[in-house]
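Structural overview
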Amino acid sequence: MILGIETSCDECSASVVKHEANSTVQVMSLATFSQIQIHQPYGGVVPEIASRNHLETINQMIDQALEDAHVHPHELEAIAVTNRPGLVGALLVGVSAAKALSYALDKPLIPVHHLEGHAASVYLEESPLKVREEIFLPMILAIISGGHTNLYCVTHLPEFWPKDFLKKSLIGRSRDDAAGEAFDKTAKILGFPYPGGVWIDRIAQTGNPKAFALPRALSQKTTLDFSFSGLKTAVALLTEKLKGQGILESELPHLCASVQEAIVDALISKIFLAVQEYRCQTLAVVGGVAANSRLRSRLNLEWKTAGLVHSPYFPKMAYCTDNAAMIAAAGAFRFRQGHFLKRDDFLTLNAIANPEV
Ligand code: KG4
Ligand code: ZN
């Protein structure tokens with residue numbers, strides 16, 4: 001059993017998982033405190049407020065996770081913690097808590113890369129891949145969040161991921177804004193609170209996605225990279241124009257639907273290009289943007305139309321957004337490989353804002 005700790009941004013989370021056979025991980029407990037409401041008045045995450053709040057809640061989350069899992073701290077095999085990348089002050093709270101606990105309990109400490117955690121979320125308990133008791137590889141994995149838009153071609157089961165797995169499997173990424181960032185920044189221009197993705201999704205339900213022509217950057221088939229920074233400029237200009245005409249309010253559903261379509265179009269076209277290029281039959285989509293209803297419905301439909309067998313896989317929402325269960329899972333896989341720090345080594349472990357992966 002592994003305790004996982006995640007504090008890289010605005011979710012303070014702890015979880016106990018049990019590593020089972022066949023690359024699956026059973027979530028015994030997951031306690032998460034989301035700081036979204038605390039940051040909302042500022043229109044985005046304020047790093048200093050995030051770290052202070054993690055400090056106030058981290059012990060509660062750890063206690064809760066242990067209690068819900070009915071596990072005594074001494075029964076833990078090891079402690080896994082996100083130490084990279086993220087807001088450095090926020091990361092430090094989790095890293096310090098993990099170090100203190102590991103030291104006091106004399107348990108090994110497993111530093112985890114946040115994105116490796118997202119990748120591991122595919123193997124968490126509720127996965128239909130588990131129900132089928134098969135993992136169909138190679139798999140295209142799309143991590144689409146507020147901070148990342150990365151495509152990976154996963155060729156190995158997690159127990160066999162090489163140390164530079166993220167670097168080796170990366171096949172496409174955003175060159176500027178992440179998809180979630182594009183949702184949030186355009187939502188801000190349109191006057192919605194942070195985080196805006198869910199608002200655009202909601203208001204777009206009654207809009208026409210073809211109402212406004214918005215740019216789709218890097219649409220050529222020669223790259224699997226994305227670019228979303230031009231979209232917010234186009235939306236800002238269009239918003240000013242509609243405001244001037246006094247019709248912004250009435251056009252809002254159409255504008256939201258068109259913004260969403262531009263982002264979803266870019267995501268889907270590169271995902272399909274990757275599936276073709278790497279001859280994959282399986283797709284997993286993780287990260288906060290995996291909640292987007294248009295992305296889900298279009299992917300499911302177009303996947304079927306393309307004659308691909310195994311439906312796209314979206315983990316349960318609590319495992320898509322930042323959470324400690326995925327960190328504990330990634331930690332469990334690394335622990336099996338012997339990648340962990342012993343008591344004498346881990347005191348020098350640091351939090352890293354932008355590691356080279
Ligand atoms: O993975 P996540 O919880 O946090 C990180 O960024 O790591 O992702 C948050 C992002 C935000 O940008 C948010 O606007 C976006 O996910 N998001 C959505 C939806 N729900 C959350 N974007 C579009 N449609 C949604 N329904
Ligand atoms: Zn994340």
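Residues numbered from 1 in each chain as written. Chains lettered and ligands numbered in written order. Predicted model: local features only at pLDDT ≥ 70, side-chain atom pairs only at ≥ 80, totals over all residues. Heavy atoms only, no water.

Focus: the overall build of the protein
- Across its full length, the protein holds 13 helices and nine strands.
- Seen along its three principal axes, the alpha-carbon backbone of the protein occupies a region of about 65 × 45 × 35 Å.
- Counting across all 357 residues of the protein, residues that qualify as buried make up 54%.
- When contacts within the protein are restricted to residue pairs at least 6 apart in sequence, long-range pairs at least 24 apart make up 75% of them.
- Here the protein displays about 15500 Å² of accessible surface, and carbon together with sulfur accounts for 53% of that area.
- Of the side-chain charges in the protein, 32 are positive and 36 negative, and the distance between the mean point of each set is 6 Å. (Helix = DSSP H or I, 4+ residues; strand = E, 2+ residues; numbered from the N terminus. Buried < 20%, exposed > 50% of the residue type's maximum accessible area, 1.4 Å probe, protein only. Contact = heavy atoms within 4.5 Å. Areas by Shrake-Rupley, 256 points an atom, 1.4 Å probe, with all protein chains shown as cover. Lys, Arg positive; Asp, Glu negative; His and termini not counted. Charge placed at Lys NZ, Arg CZ, Asp CG, Glu CD.)

Overview of the pairing of strand β1 (residues 2–6)
- Among the five residues in β1, five count as buried, and that is most of the element.
- In β1, alternate side chains face the same way, and those of I2, G4 and E6 on one face and L3 and I5 on the other are all buried.
- Across five bridges, β1 lies against strand β2 (residues 11–19) in antiparallel orientation. Residue pairing for β2: L3 is matched across the bridge by V16.
- Between β1 and the antiparallel strand that follows it, β2, lie four residues.
- In this sheet, strand β4 (residues 78–84) lies alongside β1 in parallel orientation, the contact comprising four bridges. (Pairing = 2+ DSSP bridges.)

A look at the coordination of the zinc ion (ligand 2)
- Those donors, H114 (NE2), H118 (NE2) and D322 (OD), are the protein atoms that reach the zinc ion (ligand 2), and they lie 2.1 Å from it.
- Each of the four donor atoms bound to the zinc ion (ligand 2) contributes to angles spanning 85 to 135°, and the resulting shape is irregular.
- Ordering the donors of the zinc ion (ligand 2) by residue number gives the pattern H-x3-H-x203-D. Here D322 lies in the loop between α12 (317–320) and α13 (324–336) and H114 lies in helix α4 (residues 114–120), a separation of 208 residues in the sequence. Residues H114 and D322 agree in their burial class; the two are buried. (Donors = N, O, S within 2.8 Å, 3.2 Å for Na, K, Ca; no water. Tetrahedral: all angles 85-135°; square planar, octahedral: opposite > 155°, others 65-115°.)

Some details on the environment of H39
- Within the element layout of this structure, H39 appears in helix α1 (residues 36–39).
- In the structure, H39 is positioned 265 residues away from K304 in sequence and 40 Å away in space, judged by C-alpha atoms.
- In this structure, H39 is in contact with D10, G44, V45, V46, I49 and A50, ignoring residues within four places of it in sequence.

So, the sheet that holds β1
- Ordered by their spatial adjacency, five strands build an open sheet running β3-β2-β1-β4-β5, and the pairing between neighbours is mixed. Looking at the sheet topology across the chains shown, the edges are occupied by β3 (25–34) and β5 (109–113). For this sheet, the mean angle separating the axes of adjacent strands, direction not counted, is 20°.
- Relative to β4, helix α3 (residues 88–105) is tilted by about 155°, and along the sheet it contacts β1, β4 and β5.
- Where α13 meets the sheet, its contacts fall on β1, β2, β3, β4 and β5, and the angle it forms with β2 comes to roughly 45°. (Axes fitted to C-alpha atoms, helices over the stretch in contact; angles between N-to-C directions.)

Comments concerning the domain arrangement of the protein
- Here the domain parsing of the protein yields domain 1 (2–126 + 317–346) and domain 2 (170–305).
- For domain 1 and domain 2, the distance between their C-alpha centroids amounts to 30 Å.
- Contacts between the two partners involve twelve residues from domain 1, matched on the other side by twelve residues from domain 2.
- Taken over both partners, the interface formed by domain 1 and domain 2 buries close to 880 Å², and the fraction arising from carbon and sulfur atoms is 70%.
- Among the residues domain 1 hides against domain 2, the three largest losses belong to Q40, M317 and C320. Together they make up 42% of the total.
- If you look at where domain 1 meets domain 2, you find zero salt bridges. (Domains from an automatic or database assignment. Buried area = accessible area lost by both parts, 1.4 Å probe. Salt bridge = Lys/Arg side-chain N within 4 Å of Asp/Glu carboxyl O.)

As for the packing of helix α8 (residues 197–204) against helix α10 (residues 248–277)
- The contact between α8 and α10 brings their axes to 8 Å, and the two run at 120°. Considered as vectors, α8 and α10 are oriented oblique to each other. Helix-helix and strand crossings are classified by hand; for α8 and α10 the assignment is left-handed. Two secondary-structure elements touch here, α8 through I200, D201, I203 and A204 and α10 through L252, P253, C256, A257, V259 and Q260.
- Considered class by class, the residues forming the contact of α8 with α10 number eight nonpolar, one polar and one charged. (Parallel < 35°, antiparallel > 145°, perpendicular 65-115°, else oblique. Left-handed = near helix turned anticlockwise from the far one by under 90°. Nonpolar A, V, L, I, M, F, W, Y, C, P; charged D, E, K, R; others polar.)

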